[in-house]
Every structure is written in structure tokens, then in C-alpha cells.
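# Remarks on the overall topology
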Amino acid sequence: MNALSRRNVLRGGVVATTAGVVAPGLGTGIAAAAGEGTPCPAPPGAAMVGRGEPRYRSLASRGYNRRFVGSPEHVWVVGTTAHVVRAVQQAVDSGRRITVRSGGHGFEEFVGDPAVEVVVDMSAMTDVSYDPGRRAFAVEAGALLGEVYRRLYLGWGVTVPAGWCADVGVGGHVLGGGFGPLSRLMGLSVDHLYAVEVVVVDRAGRARSVVATREPSDPHRDLWWAHTGGGGGSFGIVTRYWFRTPGASGDDPSRLLPAPPSGVLSFSLTWDWARLDQASFARLVRNHSEWAERHSAPDSPYLALYSELALTRRVSGTVLMIGQVAADSGAQRMLDEYLAAVNRGVRVQPVRTLRNQSWLAAALAGSPGDPGPVYRLKVKSGYLRRRFTDRQIETLHHHLTRSDYDHPGGSVSLYTHGGKVNTMAPDATATPHRGASIKMFYANGWEDPKDDARHIGWLRELYEDLYADTGGAPVAADGAFINYPDTDLADPARNTGAPWQTLYFGDNYRRLQRVKAKWDPRDVFHHALSVRRA
């Protein structure tokens, strides 16, 4: 993998692992009529694809991480919420383990788990439309981000701030909060989430669909709140989202979500690792981190600038930075000032590539060089309120340059965060990380299954050495990102610091547990990092 393709294959969002509800009229008698444990026919417009059918392999192996390829009894390809209700009800009645996939960008074994017997595939539910009754934009959970951007912008001139990878599915991406290049300027995706449609299962085992909104008078508001950062796979299957910015008024759709910039100045920089000594490496990391910390407040004049510094392994040849600046904001001046601050005192000048693009072209192109889901992956995450300590920077340098490990695939990426994200209270949504200046993505990718232990081991060593002072995991106040899930954080042998629930959900976890107990009392929807019942 070259630097660009390696960095991009290892980013992305989490698979949609939420679970769901049955529509009225599709009750518990469906599977029972066919006989206990006997699959019933798929309803019109849906397909239930079993092992041995030509489509099965493509559906079962659609995940992004080649380490986890499931073997469910069957995969439902659904087209409506009623189809999802039917699939869930059949699974409940027959006692089968069920989960869901939208875009497929999952990093852990939540969908590919051998215990999963039924997968609901949302890839056919891709509609994006304006709902005049709710004065909000309806987006089905199988839509990919690129299609959401295209439909919203060409139809109404608006957007939702979300991820940079155009082929990530909206289903799971939003559930983790939804973050991307415009988030410093506009907030997270969930900051604009008005309502969610979820298929849930009640205590009696009846599946049904529920629409929950952020309206204070909505008796289902707690279910909406849980889907603003509580992650997937805990409460039900999301079939549809509605987006409208809080405070937006009137019936003109073009004023109900933010308008993206007319264009962006995209940039990439590469530093030659062979010329980057330890002092210059440390200065580069410190400069970038201190700049992000200084400009993480909601009133920073640099909210239009977003960057990702990918600290790759020395054997890869280069350290990489990519990013973009909204073109409506004095982009060239802003970028020049930023790059001068980042490279101050670094004795290596980077090679720069700049490109002016329309916003939509940049959004549809995504981050450069993504070759597709062909690698075996392990990822970890963290947030920073304050920059790394000098000891931590030395630890990063050691693991990125150590000579006893020759693989080029590992990296640590530092994404500028904060801005408008930090205007919300930590409990206003289920996403608690409202004071961070940097989001971090730790990743390694390889191809041969025989090398799993070696490459996973390198990433674990880096991460646990970096956080040696706090039990092998980030400090609780900083936390970790649920859309880059890491089951190591739930392993007491690997994490002796803050509990994984605190790292991902902060003080919001107890409230999430209450929502779980209310809306999924039978624990139909669960995985290794799902919310547990209180």
C-alpha cells in the first residue's frame, strides 16, 4: 500500500449495527405459521438470500475488514421498513441472532460474528427526499454519504456535515455522531438530526417501527437521543433519519439545513521520512497539536480549515497531511498561515499539492486514493483535549521507526476537531466528546491471515505504550470514538484504566442503559461493545 491508499483504506466509519422494529400488521404469527425455526418467504420487494445462492457470497462478504467475513444462514435484502419488521419478527420468533449492515465499513466482528445467523442488508434503502410534514429531509439508512451529499445539494443547495469517505453508509455513520471536514464549521451530523425511525422489539417479542423525534413533548424522545451517538447494534434497526437544523424556521427546504461552501481548497503535503529526524518529527507533531488546541473553540477564525496528519511508519517513505479549506473564507491566506505554523522549526520542507474544487466534486471524490475493502484491519481511537506529552511523542516516534518491525501499513492519524462541535453540552446528545481538539485514528492493514498476530501486536504495543500512564487506554476525560470500535478496550488484560463504557460514552452511559432496558428489554440487538441493560 502506498501512503495515500494505505491511509484511506484504514479510515472510514462503522458499519450500521443498529437493530429494529416490526410494522403494525406484521405480527408474531408469521414465522410460527411456517413452523418453528422455518424461514418464511420474503415479502414482495424483499429478498431472503440463503447459502448456496449466487448472491450470497457478495452479500455475506460485503464488509470492509477482511478479517471478519460472516456466514449467516441468510441475508435479507430489504426495501421498506415493513420488510425490516418482517425480518426481525421472523428472527425473534425462530430464536435466531440478527444484526444489520448498511455501508459495511465496520472494523470489528459485529456483523461478521459467527454467532450471527441473520443479517439485514440495507443497501437497497437509499432514498433521499424532503418530507414537508416534518419539515425535514428524510434519508434512508442504506444511502451512501456521497449520494446523500449529491441529492441534498443538487436538489436544495444544502448538506449534512458528515464523513469524508463517500462510500460510507449513513446508517452506522450517524449513530456514532457523524464527523467530517465540515464539522468544525457546522457541528456533527447528529447536531442536525431531527428524527429517527427504528425497528424495535418489545418485552412480548413483538417487532414494530417507531419514529422518535427531538421534540421535548415526544414520548419517544429518549430513543431519538440514544441514536445521537450511542453507536449501532444496541436498540434496534434504524431504517430512516430526518435532518433539520435546530432553530431553522419556515417551509423553505433550502433554509432548513446548512449550505456548504461553493468550493474548497484541497491540499496534501508530504514530508520525506528519510530527512525527518526525531527532533523535527516531534516539532511537527507538537506544532499541529498546539494549533488544533488553540483553534478548537467555537469562535476560532479557522473553523473553515480541516486537516488530517497521518504519521505513517518510516518504511512507508513519507509522513502525509491532507485537508481542505472552505473557499468562501479567504482560503489561501488561511492555509498559508496554518502551514507556516505547522512547519515552524521543522527542518524538512514538505512537498505541497493544492487543488481548487467545487464543494460537491470534492465531497463525491472523497479523501484521495481509497482502493477498496481488500485489507485485514485493526483500528483504535482516542480524543485529545490537550496535546500529547513529550514522552508520548517519543513513544510515537519509537514505534513508527523501530527496526524490528518492517511493515509499512501502520499509522496514527490526528484529525483537527472541535469548533462548532464544541458548542453542544456533553449530554445534549449521546456523543459526549464536546471539548476535544483532536480526534485520533490508529490503524494497521495487511493482507495475509498468517500475519494477524504480528500486525495486531504492533498496534497494541504502540497504543498501550502511548497510554502507559493511564492503564493502556486514553484518559477518561478524553475518551474514544465508538465508530472506530476496539474490543481491546473491553479486555481487562489490555485496559486497566477507564472502563470502555466511559471512554466511548462518558457520563451518558447510564442514560443509554435506561434506553436500552426500555426499548430492547430482550437484548435482541447486541455485540461486544453494545450498550448493556441497566
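Residues numbered from 1 in each chain as written. Predicted model: local features only at pLDDT ≥ 70, side-chain atom pairs only at ≥ 80, totals over all residues. Heavy atoms only, no water.

### Here we look at the sheet that holds strand β4 (residues 118-121)
Condition: Strands were regarded as paired on the criterion that DSSP finds at least two bridges between them. Helix and strand definitions here come from DSSP, where helices need a minimum of 4 consecutive H or I residues and strands a minimum of 2 consecutive E residues; each element is numbered from the N-terminal end. Axes, fitted as lines to C-alpha atoms, cover a helix only where it is in contact. Angles between the N-to-C directions of the axes lie from 0 to 180 degrees. Should any heavy atoms of two residues lie within 4.5 Å, those residues are considered in contact.
Strands sit in the order β1-β2-β4-β3 across an open sheet of 4 strands; the sheet is mixed. The open sheet has two edge strands with one neighbour each: β1 (47-50) and β3 (98-101). In this sheet, adjacent strand axes meet at a mean angle of 25° when their direction is disregarded. Examined bridge by bridge, strand β2 (residues 74-77) and β4 share 4 bridges and lie parallel to one another. For Val75, the partnering residue across the bridge sits in β4 and is Val119. Along the sheet, helix α4 (residues 81-94) contacts β1, β2, β3 and β4; its crossing angle with β2, the most-contacted strand, is approximately 155°.

### Here's the deal with the environment of Arg355
Stated precisely, the cut-off is as follows: Partly exposed describes any residue whose relative accessible area lies between the buried limit of under 20% and the exposed limit of over 50%, with all areas from a 1.4 Å probe on protein chains only and scaled to the type maximum.
Tracing the backbone through its elements, the reader meets Arg355 in strand β13 (residues 351-358). Under the relative-accessibility criterion, Arg355 is labelled exposed at 55%. Sequence separation of Arg355 and Arg286 is 69 residues, and the distance between their C-alpha atoms is 27 Å. Look past the residues within four positions of Arg355 in its chain and what remains in contact with it is Val264, Leu265 and Ser266.

### As for α4
Put simply, the rule is: Multiplying one less than the number of residues by 1.5 Å gives the expected span of a helix.
Compared with an ideal rise of 1.5 Å per residue, which puts 14 residues at 20 Å, α4 spans 20 Å between its outermost C-alpha atoms and is within 8% of the ideal. For α4, a buried count of 13 out of 14 residues is recorded, marking the element as mostly surrounded by other parts of the structure. Residue Gly95 follows α4 closely and has a positive phi angle near 70°.

### Remarks on the environment of Pro474
Positionally, Pro474 belongs in the loop between α13 (452-466) and α14 (500-505). The class of Pro474 is buried, set by a relative accessible area of 2%. A sequence separation of 11 residues divides Pro474 from Tyr463, and the C-alpha atoms of the two residues are 9.0 Å apart. Setting aside residues up to four positions removed in sequence, Pro474 forms contacts with Ser381, Gly382, Tyr463, Tyr467, Gly479, Ala498 and Leu503.

### Focus: the UniProt feature "domain: FAD-binding PCMH-type" (unreviewed entry) in the chain
In plain terms, the rule: UniProt positions are given in the numbering used here, feature names are shortened, and annotations may be inferred rather than shown by experiment.
Taken from the UniProt record, the annotation "domain: FAD-binding PCMH-type" (unreviewed entry) applies to residues 68-248. Secondary structure content for residues 68-248 is 23% helix and 24% strand, while the C-alpha to C-alpha distance between its ends is 42 Å.

### Focus: the nonpolar core
How we decide: Side-chain atoms within 4.5 Å are what join buried Ala, Val, Leu, Ile, Met, Phe, Trp, Tyr and Cys residues into a set we call a nonpolar core.
By size, the foremost hydrophobic cluster in this structure holds 147 residues, and its most contacted members are Val88, Trp271, Phe388 and Tyr442. The element contributing the most residues to this core is helix α10 (residues 331-342), with 7 residues. When neighbours within four sequence positions are excluded, Phe388 is seen to be in contact with Val285, Ile393, Leu396, Leu414, Met440, Tyr442, Leu466 and Tyr467. Judged by nonpolar contacts, the second largest core, of 10 residues, contains Tyr56, Leu59, Val77 and Val116.

### Describing the pairing of strand β11 (residues 305-312)
Among the 8 residues that make up β11, 8 are buried, leaving the element largely enclosed by the rest of the structure. The two faces of β11 match: Leu305, Ser307, Leu309 and Leu311 on one face and Tyr306, Glu308, Ala310 and Thr312 on the other face are all buried. The pairing of β11 with strand β12 (residues 318-326) spans 6 bridges and is classified as antiparallel. By the bridge assignment, Leu309 is partnered in β12 with Met321. Linking β11 back to β12 in an antiparallel pair, the connection comprises 5 residues, with Gly317 at a positive phi of about 105°. Direction of pairing for β11 relative to strand β15 (residues 411-416): antiparallel, over a ladder of 5 bridges.

### What to know about the packing of aromatic side chains
The criterion, for reference: Put simply, two rings from Phe, Tyr or Trp (the six-membered ring, in Trp's case) pair if the centres are within 6.5 Å, and we call them stacked under 30 degrees between planes, edge-to-face over 60, tilted for the rest. Counting as a charge over the ring demands two things of the Lys NZ or Arg CZ atom: a distance within 6 Å of the ring centre and an angle within 35 degrees of the ring normal.
Applying the stated criterion across every chain yields a total of 24 aromatic pairs. Look at Phe107 and Phe441: their rings are 5.8 Å apart centre to centre, the planes differ by 40°, and that puts the pair in the tilted class. One end of the pair, Phe107, is in the loop between β3 and β4; the other, Phe441, is in strand β16 (residues 438-446), and 334 residues separate them in sequence. Note on Trp273 and Phe281: the rings are 5.5 Å apart at their centroids and 20° apart in plane angle, and the pair reads as stacked. Using a relative accessible area of 1% as the deciding quantity, one classes Trp273 as buried. The exposure class of Phe281 is buried, given its relative accessible area of 1%. Of the aromatic side chains, those joined through ring pairs into one cluster are Phe107, Tyr383, Phe441, Phe481 and Tyr484. Its guanidinium or amino end placed over the ring of Trp242, Arg134 lies 4.5 Å from that ring's centre, counting from NZ or CZ. Of note, Arg511 hangs over the ring of Trp225, and the distance from its end group to the ring centre comes to 3.8 Å.

### Some points on the packing of helix α9 (residues 278-294) against helix α12 (residues 390-401)
Here is the rule: Note on angle classes: values under 35 degrees are labelled roughly parallel, values over 145 roughly antiparallel, values of 65 to 115 roughly perpendicular, and the remainder oblique. By convention, the crossing between two helices is left-handed when the near helix turns anticlockwise from the far helix through less than a right angle, and right-handed when the turn is clockwise. Each residue is assigned to one of three groups, with Ala, Val, Leu, Ile, Met, Phe, Trp, Tyr, Cys and Pro labelled nonpolar, Asp, Glu, Lys and Arg labelled charged, and all others, Gly among them, labelled polar.
Remark: α9 packs on α12, axes separated minimally by 10 Å, with the N-to-C direction vectors making an angle of 120°. It follows from the interaxial angle that α9 and α12 lie oblique. Of the two possible hands of crossing, α9 and α12 adopt the one that is right-handed. Judged by residue contacts, Gln278, Phe281, Ala282, Val285 and Arg286 of α9 engage Asp390, Ile393, Glu394, Leu396, His397 and Leu400 from α12. Class assignment of the residues belonging to the contact of α9 with α12 gives a composition of 6 nonpolar, 2 polar and 3 charged.

### Topic: unusual backbone geometry
The residue Arg135 is not glycine, and still its phi comes out positive at about 50°. With respect to the helices, strands and loops of the structure, Arg135 is situated in the loop between β5 (128-131) and β6 (136-140). Phi at Asp523 is positive, roughly 55°, even though this residue is not glycine. Mapped onto the elements of the fold, Asp523 is located in the segment after α15 (509-519).

### Re the sheet that holds strand β7 (residues 193-201)
What the 5 strands build is an open sheet, ordered β5-β6-β9-β7-β8; its pairing is antiparallel. Looking at the sheet topology across the chains shown, the edges are occupied by β5 and β8 (207-213). For this sheet the average axis-to-axis angle between neighbouring strands, irrespective of direction, equals 25°. The sheet contact formed by β5 and β6 spans 4 bridges and is antiparallel. When the bridges of β6 are listed, Val128 appears paired with Val139. Helix α5 (residues 145-156) rests against β5 and β6 of the sheet, and its axis sits at about 45° to β5.

### Here's the deal with the pattern of salt bridges
Threshold: A carboxyl oxygen of Asp or Glu within 4 Å of a side-chain nitrogen of Lys or Arg is what we treat as a salt bridge.
Per the stated rule, a full pass over the model turns up 34 salt bridges. For the salt bridge of Asp131 with Arg134, the shortest nitrogen-to-oxygen distance reads 3.5 Å. Residue classification places Arg134 among the partly exposed positions, given a relative accessible area of 30%. The salt bridge partner of Asp488 is Arg460, with a shortest N-O separation of 2.8 Å. Note that Asp488 is positioned in the loop between α13 and α14 and Arg460 in helix α13, a separation of 28 residues in sequence. Take Asp488: its relative accessible area is 6%, and that puts it in the buried class. One salt-bridge network, held together by shared partners, links Glu108, Lys378, Lys380, Arg460, Asp486 and Asp488.

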